[in-house]
Amino acid sequence: MALHEQSDEAARKRRRAASRTAWLAIIHSALVFAAYYLLSSAPEVTASDAEFTEFYASPSNQSALLAAGLYLMPFAGIAFMWFIVALRIWIRRTSGALRDEFYSSGQLVSGIVFLALFLTASASISVLAVGLDAEFGDIDAQTARQFTEMGWALIVVFAMRMAAVFIITTSILGRRHRFLPVWFVVLGFVIGVALLLSASVSSLLVLVMPLWMLLLGALLMLRAWTSPETLVGGLVSVEPESP
């Protein structure tokens, strides 16, 4: 009887951990999508000086940048921070994967670096709008171009590489310790390698990480409330392999 109660309590904890991870993934993704939508009207770095000047002269555009840079992206970053915590708690409760120190540490560090780059990019994107809102003076088109270029370079070139490492290490842990389905592991490898080796600087790359997280969140939510026993990889205990 006591063993049965302990099993039920363990299942409830796994369900809560999965649901918490799923909701944080969904919240982060929704905030990133909203920020991307607000920033989509901003001029590209190849735009003319006149386009930059006209864009920043518009109060509605300034408000969009402020909303994206000061609210949506920082809160998306906070949600991602808690997502990392919740994901690792879920992994610990479903397998021994966190004892696999090499890949587990790589997952944690890449997530932290991704978060730092993401928040730095949000500051770079919004700093000019903050200056205008505080009435520090007119915006120089060349300065606006440089801050825009810096922000997108940080998030598209550098943050996406860290996102690739995070996705790949999570997929490796999921494969070795059987807490993720095979199809999702394969998808994670494909996405991670593509992000890592991509030569593209398209802003659409920003959407890849939240899409992967959204799919992971949906998978966890589905399993948490339909078949919680599958959250432990078929209840198979797998000893970590040496890296």
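Residues numbered from 1 in each chain as written. Predicted model: local features only at pLDDT ≥ 70, side-chain atom pairs only at ≥ 80, totals over all residues. Heavy atoms only, no water.

### Regarding helix H2 (residues 49-57)
Rule in force here: Summary of the burial criterion: residues with accessible area below 20% of their type's maximum are buried, those above 50% are exposed, and those between are partly exposed, where the area comes from a 1.4 Å probe applied to protein chains only. Helix and strand definitions here come from DSSP, where helices need a minimum of 4 consecutive H or I residues and strands a minimum of 2 consecutive E residues; each element is numbered from the N-terminal end. Summarising the geometry, the arc corresponds to the directions from the helix axis toward the C-beta atoms.
Among the residues making up H2, those that are buried are Phe-52, Phe-55 and Tyr-56. With its buried residues spanning 90° around the axis, H2 presents them on a single face. Set apart from the buried face of H2 by more than 90 degrees, the exposed residues are Ala-50, Glu-54 and Ala-57.

### Concerning a nonpolar patch on the surface
This is how it is decided: Residues enter patches when they are more than 30% accessible in relative terms and free of salt bridges; like-charged ones are connected within 9 Å and nonpolar ones (Val, Leu, Ile, Met, Phe, Trp, Tyr) within 5 Å. Throughout, the Shrake-Rupley method with a 1.4 Å probe supplies accessible areas, and for residues the shown protein chains are the sole cover considered. Each reported salt bridge corresponds to a side-chain nitrogen of Lys or Arg within 4 Å of a carboxyl oxygen of Asp or Glu.
A surface patch of nonpolar side chains, about 690 Å² in accessible area, is lined by Leu-70, Tyr-71, Phe-75, Ile-78, Met-81, Trp-82 and Val-85. Within the secondary structure layout, Met-81 lies in helix H3 (residues 59-94).

### As for the packing of H2 against helix H5 (residues 141-177)
Applied cut-off: In this analysis an axis means a line fitted to C-alpha atoms, helices contributing only their contacting stretch, and an angle means the value between N-to-C directions, from 0 to 180 degrees. When describing relative orientation, an angle under 35 degrees is termed roughly parallel and one over 145 degrees roughly antiparallel, while 65 to 115 degrees is termed roughly perpendicular and anything else oblique. Any pair of residues with heavy atoms lying within 4.5 Å of one another is described as a contacting pair. All amino acids are sorted into three groups, where Ala, Val, Leu, Ile, Met, Phe, Trp, Tyr, Cys and Pro are nonpolar, Asp, Glu, Lys and Arg are charged, and the leftover types, Gly among them, are polar.
Axis separation between H2 and H5 bottoms out at 9 Å; the angle between their running directions is 85°. Compared by their axis directions, H2 and H5 come out roughly perpendicular. Seen from H2, the contacting residues are Asp-49, Phe-52, Thr-53 and Tyr-56; seen from H5, they are Ala-141, Gln-142, Ala-144, Arg-145 and Thr-148. Partitioned by chemical class, the residues of the contact of H2 with H5 number four nonpolar, three polar and two charged.

### So, helix H6 (residues 182-197)
The test is simple: Expected span of a helix, by definition, is 1.5 Å for each gap between consecutive residues, and there is one gap fewer than residues.
With 16 residues, H6 ought to run about 22 Å at 1.5 Å a step, and its terminal C-alpha atoms sit 23 Å apart, in line with that. Within H6, the full set of buried residues consists of Phe-184, Val-185, Gly-188, Ile-191, Gly-192 and Leu-195. The arc that holds every buried residue of H6, seen down its axis, measures 130°, which confines them to one face. Along H6, exposed side chains directed more than 90 degrees from the buried face belong to Val-182, Val-190 and Leu-197.

### Some thoughts on the nonpolar core
What counts, and what does not: Each nonpolar core is a collection of buried residues, namely Ala, Val, Leu, Ile, Met, Phe, Trp, Tyr and Cys, held together in the definition by side-chain atoms within 4.5 Å.
Phe-80, Phe-83, Trp-90, Met-209 and Trp-212 are the most contacted members of the largest nonpolar core, which has 65 residues in total. Put simply, the parts of the chain that give this core at least two residues each are helix H1 (2-39), H2, H3, helix H4 (101-133), H5, H6 and helix H7 (208-226). Per element, the largest residue contribution to this core is 14 residues, and it comes from H5. Discounting chain neighbours no more than four positions away, the residues touching Trp-212 are Phe-166, Ile-167, Thr-170, Phe-184, Gly-188 and Ile-191.

### Let's talk about the packing of H5 against H6
For any two helices packed against each other, the geometry comes down to the angle between their axes and how far apart the axes lie. We apply this condition: If you view the pair so one helix is near and one far, a crossing is left-handed when the near helix is turned anticlockwise from the far one by less than a right angle, and right-handed when it is turned clockwise.
Remark: H5 packs on H6, axes separated minimally by 8 Å, with the N-to-C direction vectors making an angle of 155°. Our classification of the angle between H5 and H6 gives roughly antiparallel. Between H5 and H6 lies a crossing of left-handed hand. Packed against H5, whose contacting residues are Met-160, Arg-161, Ala-163, Ala-164, Val-165, Ile-167, Ile-168, Ser-171, Ile-172, Gly-174 and Arg-175, the element H6 presents Val-185, Gly-188, Phe-189, Ile-191, Gly-192, Val-193, Leu-195 and Leu-196 at the interface. Tallied by class, the residues present in the contact of H5 with H6 amount to 13 nonpolar, four polar and two charged.

### Describing the packing of aromatic side chains
Note on aromatic pairs: each is described by the distance of the centres and the angle between the planes. Stated precisely, the cut-off is as follows: Only Phe, Tyr and Trp rings are paired, with Trp represented by its six-membered ring, and only when their centres lie within 6.5 Å; those with planes under 30 degrees apart are stacked, over 60 edge-to-face, the remainder tilted.
Within this structure, the stated rule accounts for nine aromatic pairs. Ring centres 5.8 Å apart and planes at 25° place the aromatic pair Phe-184 and Trp-212 in the stacked group. Highlighted residues: Phe-184 in helix H6 and Trp-212 in helix H7, separated in sequence by 28 residues. The burial state of Phe-184 is the same as that of Trp-212; both residues are buried.

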